[in-house]
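Structural overview
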Amino acid sequence: MRKITFLFAFTALLLTKVSGQVSSSLSIIDTRYNNDLPNFSAYNIRADFKLRTTIGVPGDGSYSTNLTISPWENVGNSGDKNHQLSFNNGGVFYRNANPLDAQWGGWKQILMTDENGNIGIGSTYSTSSLTIRKTAGEKDSHIYFGDGLAVSGQPSSRLCFGGFGIQNAGFVWVPNNSLDQGKLLLSFGGSDNGANNPVKMTFQSDGNVGIGITNPKNELDVNGTIHSKEVKVDMNGWSDFVFKKEYNLPTLTEVEKHITEKGHLENIPSEEEVLKKGINLGDMNAKLLQKIEELTLYLLKQDKSIEDLKIEVNNLKKQYK
C-alpha cells in the first residue's frame, strides 16, 4: 500500500510541473472504444476511460481507467518508454512500450495487500498471508524458483522457512554437470541461504531419496535407525527346495571342512563381507531358513539313527538274557 500511495503522490507532483502549469485535478477523457498506440501522447500525463475488452486488460468489471505517462516526444525512442496504469475492479495493472513500438507490452498486475495484510495471486480473495490460485490445466508453474545461469554444484534456488524451533529450515536445489538433473536438499538450522546447512534429506532427480545421506545410491538410503511396525519384502524364491528329494544335503564332514577352511557356513557371507557391503534382508532370511531346514534334516536323520540304535540295543539285550 505504501508503494501505491507514493506512486500517486509522485504523479500529483508531476502534474504541478507539466508545461509550468499548476493543476488541482486531472480530467478523464472518454476514449472507451480506442485501443491507443504507444505514441498517442507526448510530454503529457493523461487519464482515459476505457472498456476493458478494448485494451485487453485483466481484472474485473466492464470498465477500466487508464493513467498514461508520456515523459518525452512521440516521434522517437530517445526518451525511453511510455508507461500506463489501468485501474478496475480486479486491481491495478501496468504495461509499457517505446513510443515507436507497434503495440504496448503485456499487462502485469501490481500486487497489493488487503486490509489484513494478505496478498492474493490469481485471486482477489485471500485468507492466508499469500494465496496463489491457478487452473491445473495451465502449463506454467504456480511458483517458479531458479536461476537460468545456474552453475553445476552450486545452489541455484532456495526456499527458507523461519520461525522459533525451525530457524532457517528449507530446501536448496543444486544442479549437476548437465544442469537438467541434481539434488533437492532439506536442511534445518544454519544460515538463511541454506547452502551449507546440515542436510537431513536428499531428493535426487533420478528418484533416489536419502535420509541422513547426501548421495543416495538406491531408491531409499537411510543413515540411521528405521523403526517400523512391519516390514514386507518381496521375494523371487524361497528355501523349501531343501526338502526336495533331489536336494544334495552336504554331509556333516563337508560342513565341518568348510567351517575349518573358510570360518563361516557355506553360502553365508563372511563377517568381512557383511561389514563392507551389508546384507540383503530378504536374501539373508532365505539363506538362514535354508540352514535351519538343513539342520532339521540332520536332526531327523540323527533321530532315526538313534531309534535304530535303540532297536539294536534291545535286540542284544534279549539275546543275552
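Residues numbered from 1 in each chain as written. Predicted model: local features only at pLDDT ≥ 70, side-chain atom pairs only at ≥ 80, totals over all residues. Heavy atoms only, no water.

Right, let's talk about the sheet that holds strand E11 (residues 182–187) for a bit. Sheet architecture is open: six strands sit in the order E9-E10-E11-E12-E13-E14, paired in mixed fashion. One side of each edge strand has no neighbouring strand; the edge strands of this open sheet are strand E9 (157–161) and strand E14 (220–222). Pairwise comparison of adjacent strand axes, ignoring direction, gives a mean angle of 15° for this sheet. Note: strand E13 (residues 209–211) against E14, three bridges, orientation parallel. Residue pairing across strands places Val209 opposite Leu220, the latter belonging to E14. (Pairing = 2+ DSSP bridges. Helix = DSSP H or I, 4+ residues; strand = E, 2+ residues; numbered from the N terminus. Axes fitted to C-alpha atoms, helices over the stretch in contact; angles between N-to-C directions.)

Of the pockets and cavities examined, the second largest pocket occupies roughly 260 Å³. Lining of the second largest pocket is provided by Leu220, Ile226, Val231, Lys232, Val233, Ile279, Asn280 and Leu281. Taken together, the residues of the lining of the second largest pocket break down into six nonpolar, one polar and one charged. (1 Å grid on protein atoms, 1.4 Å probe; cavity = no way out; pocket = protein on both sides within 12 Å on 5 of 7 lines; lining within 4 Å. Points joined across faces, edges and corners; volume = space filled by probe spheres on them. Nonpolar A, V, L, I, M, F, W, Y, C, P; charged D, E, K, R; others polar.)

Here we come to the sheet that holds strand E2 (residues 44–51). Across the sheet, six strands lie side by side as E1-E2-E3-E4-E5-E6; this open sheet has mixed pairing. What marks the edges here is a single partner per strand, and that holds for strand E1 (28–30) and strand E6 (108–110). With strand direction ignored, the average angle separating the axes of adjacent strands in the sheet is 30°. In terms of strand pairing, E1 meets E2 through three bridges, oriented parallel.

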